[in-house]
Amino acid sequence: MTIRLPGAGGTLRTYEPRTEPLAPTPGTPLTSRTVFSAAHVVADPFADVSPDSPAAVDWDATLAFRRHLWAHGLGVAEAMDTAQRGMGLDWAGAAELIRRSAAEARGVGGRIACGVGTDQLTGGSLAQIRAAYEEQLAVVEEAGAQAILMASRALAATAGSPEDYLEVYGHLLRQAADPVILHWLGPMFDPALEGYWGSADLDAATDTFLEVIAAHPDKVEGVKISLLDAQREIDLRRRLPQGVRCYTGDDFNYPELIAGDEQGFSHALLGIFDPLGPLAAEAVRVLDTGDVKGFRGLLDPTVELSRHLFQAPTRFYKTGVVFLAWLAGHQTHFTMVGGLHSARSLPHRARAYELADGLGLFPDPKLAEERMKNLLSLYGVNQ
């Protein structure tokens, strides 16, 4: 079996796919780390919609993918940026996703945490932003899920000082029924979040972020850091109050951050653990035995794929994630809500296929090869 893949400058190279997948199997629950996969949504390919229409979701396929993640012992971080919040999935769609996934989690005993934001707004006063957060928090709590307080584009645009962030987050944390996860998403994931926490100076922003936590340590179960800066995450987690967890959202440096050092480690809430789910779970089970070298041996080779999918412009990583889900047989098509399947080039997708296949991520390598060849043929690449 060989396949001709496009590279830079219109060249073609011959690649020989794997014949056997890595094939990790579900095992014992994870014990040494709490690990969430931020899961994607599956579009309905037969819906007659345009990219600016409300999302048409294939609910059966979307929920089946979540059952796949739960079966391997992973938690699901629902309605996050991986699920295209603000990039094809509006609040009405996200609310339905939260309700459906939380009900599914109860049915199978899966862990779930859900994103709370303000994406029903495009702007507004601080009072309107608080009200939008409150509306979403109520939906998540009524669904019986843990809340993840996401960064707000509206708040980034409206807040005039760090004090505005302290006021809004303090208000939300005081009324949250249970401890939440605070999410700091960097501008590489969403340019509209530049200057979050009241400053473009990350040291100053970190101080404000920690001030929010220090004022309400009983209401913050953990923090999710997505800045793609390993040392900054390490420095921040060492300053967290006792009992507050750090969840890495660093899709460039996750193996070393999860492995940790003599002063601590990060748990995980990662978009890359959507395509890596079974392999990531197997690696953490190895870590559960105290075998750090074995853990790194499994997970370190995946970083090249992750850095490829999350390369700038990073916000389009979702296209690669869904593309790999299609090649892996988790869905029957490569279509995305908001038309985002067009957001990455053919050479980018070809390299993603090659890297994922090299890791043995496709349960059926022949199916993945056939689907890749079908895609290539649409672009005029004859095999």
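The structure reproduced in this document is the subject of the present report.

About the cut-offs
Residues numbered from 1 in each chain as written. Predicted model: local features only at pLDDT ≥ 70, side-chain atom pairs only at ≥ 80, totals over all residues. Heavy atoms only, no water. Buried < 20%, exposed > 50% of the residue type's maximum accessible area, 1.4 Å probe, protein only. Helix = DSSP H or I, 4+ residues; strand = E, 2+ residues; numbered from the N terminus. Pairing = 2+ DSSP bridges. Right-handed = clockwise from strand over helix to strand, strands pointing away. Expected span 1.5 Å × (residues − 1). Contact = heavy atoms within 4.5 Å. Salt bridge = Lys/Arg side-chain N within 4 Å of Asp/Glu carboxyl O. 1 Å grid on protein atoms, 1.4 Å probe; cavity = no way out; pocket = protein on both sides within 12 Å on 5 of 7 lines; lining within 4 Å. Points joined across faces, edges and corners; volume = space filled by probe spheres on them. Nonpolar A, V, L, I, M, F, W, Y, C, P; charged D, E, K, R; others polar. Polar contact = N/O pair within 3.5 Å; in protein donor to acceptor, adjacent residues only side chain to side chain.

Every second residue of strand 4 (residues 75-78) is oriented toward a common face, with G75 and A77 on one face and V76 and E78 on the other, all of them buried. As defined by bridge partners, strand 3 (residues 35-38) adjoins strand 4 across three bridges and the pair is classed as parallel. Within strand 4, the residue paired with A38 across the bridge is A77. With helix 1 (residues 59-71) bridging strand 3 and the parallel strand 4, this β-α-β connection has right-handed handedness. The pairing of strand 4 with strand 5 (residues 112-116) spans three bridges and is parallel.

For helix 3 (residues 126-142), spanning 17 residues, the distance from its first C-alpha to its last is 24 Å, which sits close to the expected 24 Å at 1.5 Å a residue. Of all the positions in helix 3, only I129, R130, A132, Y133, Q136, L137, V139 and V140 are classed as buried. Contact partners of the buried residues in helix 3: helix 2 (91-108), strand 5, strand 6 (146-149), helix 4 (153-158) and helix 5 (162-175). One or two positions beyond helix 3, positive phi appears at G144, with a value near 85°.

With that settled, the discussion passes to the pattern of salt bridges. Throughout the structure, instances matching the rule amount to 18 salt bridges. Of the charged contacts in the structure, one is a salt bridge between R153 and D190, with a shortest N-O distance of 2.6 Å. Here R153, found in helix 4, pairs with D190, found in the loop between strand 7 (180-185) and helix 6 (202-215); they are 37 residues apart in sequence, far enough to count as distant. When its relative accessible area of 38% is taken as the criterion, R153 is described as partly exposed. On the accessibility criterion, D190 (11% relative accessible area) is buried. For R238, the salt bridge goes to D261, with nearest N and O atoms at 2.6 Å.

The subject of this paragraph is the layout of surface pockets. Within this model, the largest pocket holds a volume of roughly 520 Å³. A breakdown of the residues in the lining of the largest pocket according to their chemical character gives 12 nonpolar, eight polar and eight charged.

This part covers the environment of D250. Topologically, D250 is positioned in the loop between strand 9 (245-248) and helix 8 (254-259). Under the relative-accessibility criterion, D250 is labelled buried at 0%. Linking D250 and A192, residues 58 residues apart in sequence, is a C-alpha distance of 19 Å. Beyond its immediate sequence surroundings of up to four residues, D250 is in contact with I225, L228, D229, A230, E233, L257 and L270. Within polar-contact distance, the side chain of D250 engages the backbone nitrogen of D229 at 3.3 Å.

The analysis is restricted to geometry; functional conclusions fall outside its scope.
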